[in-house]
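# Examining the three-dimensional arrangement
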Amino acid sequence: METLLLYFGKVILCSGVMFLYYQLSLKDKTFHHYNRFYLLSAILISLLLPLVKIEDFTIEVSNELYVLLGKIQNFNTQKT
């Protein structure tokens, strides 16, 4: 149930952003075919965009790098 509410919240947010762009820039234009295409595609984008999963970018570091950094730090402290 919570996932459905979260989905609807994302859909409403996407629809609001797309409609705000329409109101600010396309409302008074005379390109009616483009406006119609934009409004229809905005509906589809608003419904499909919340379904896209974006993973966080993570970098995997091996343990060998930590050992090397430790050796470098020990070398620097022994020199001084």
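In case you missed it, the structure is sitting above this.
A brief look at the structure comes next. Please read these numbers as outputs of a predicted model, since none were measured by experiment.

Along the backbone of the protein there are three helices and zero strands. Beginning at the N terminus, the succession of helices and strands in the protein can be written as α-α-α. In terms of overall dimensions, the protein is more spread out than a globule: its C-alpha atoms have a radius of gyration of 25 Å, far above the 12 Å expected for 80 residues. Overall, the C-alpha framework of the protein stretches about 75 × 35 × 15 Å when taken along its three principal axes. Burial statistics for the protein: of 80 residues in total, 14% are counted as buried.

So, on to the nonpolar core. Counting residues in each nonpolar core, the largest one holds five residues, listed as M18, Y22, L26, Y38 and A42. Mapped onto this core, the elements with two or more residues apiece are α1 (2-26) and α2 (32-48). Among the elements that make up this core, the one with the highest residue count is α1 (three residues). Every residue in contact with Y38, bar those within four places of it in the chain, is listed here: M18, Y21, Y22 and L26.

Thresholds, definitions, all that
Residues numbered from 1 in each chain as written. Predicted model: local features only at pLDDT ≥ 70, side-chain atom pairs only at ≥ 80, totals over all residues. Heavy atoms only, no water. Helix = DSSP H or I, 4+ residues; strand = E, 2+ residues; numbered from the N terminus. Rg over C-alpha atoms; globule rule 2.2 N^0.38 Å. Buried < 20%, exposed > 50% of the residue type's maximum accessible area, 1.4 Å probe, protein only. Core = buried A, V, L, I, M, F, W, Y, C linked by side-chain atoms within 4.5 Å. Contact = heavy atoms within 4.5 Å.

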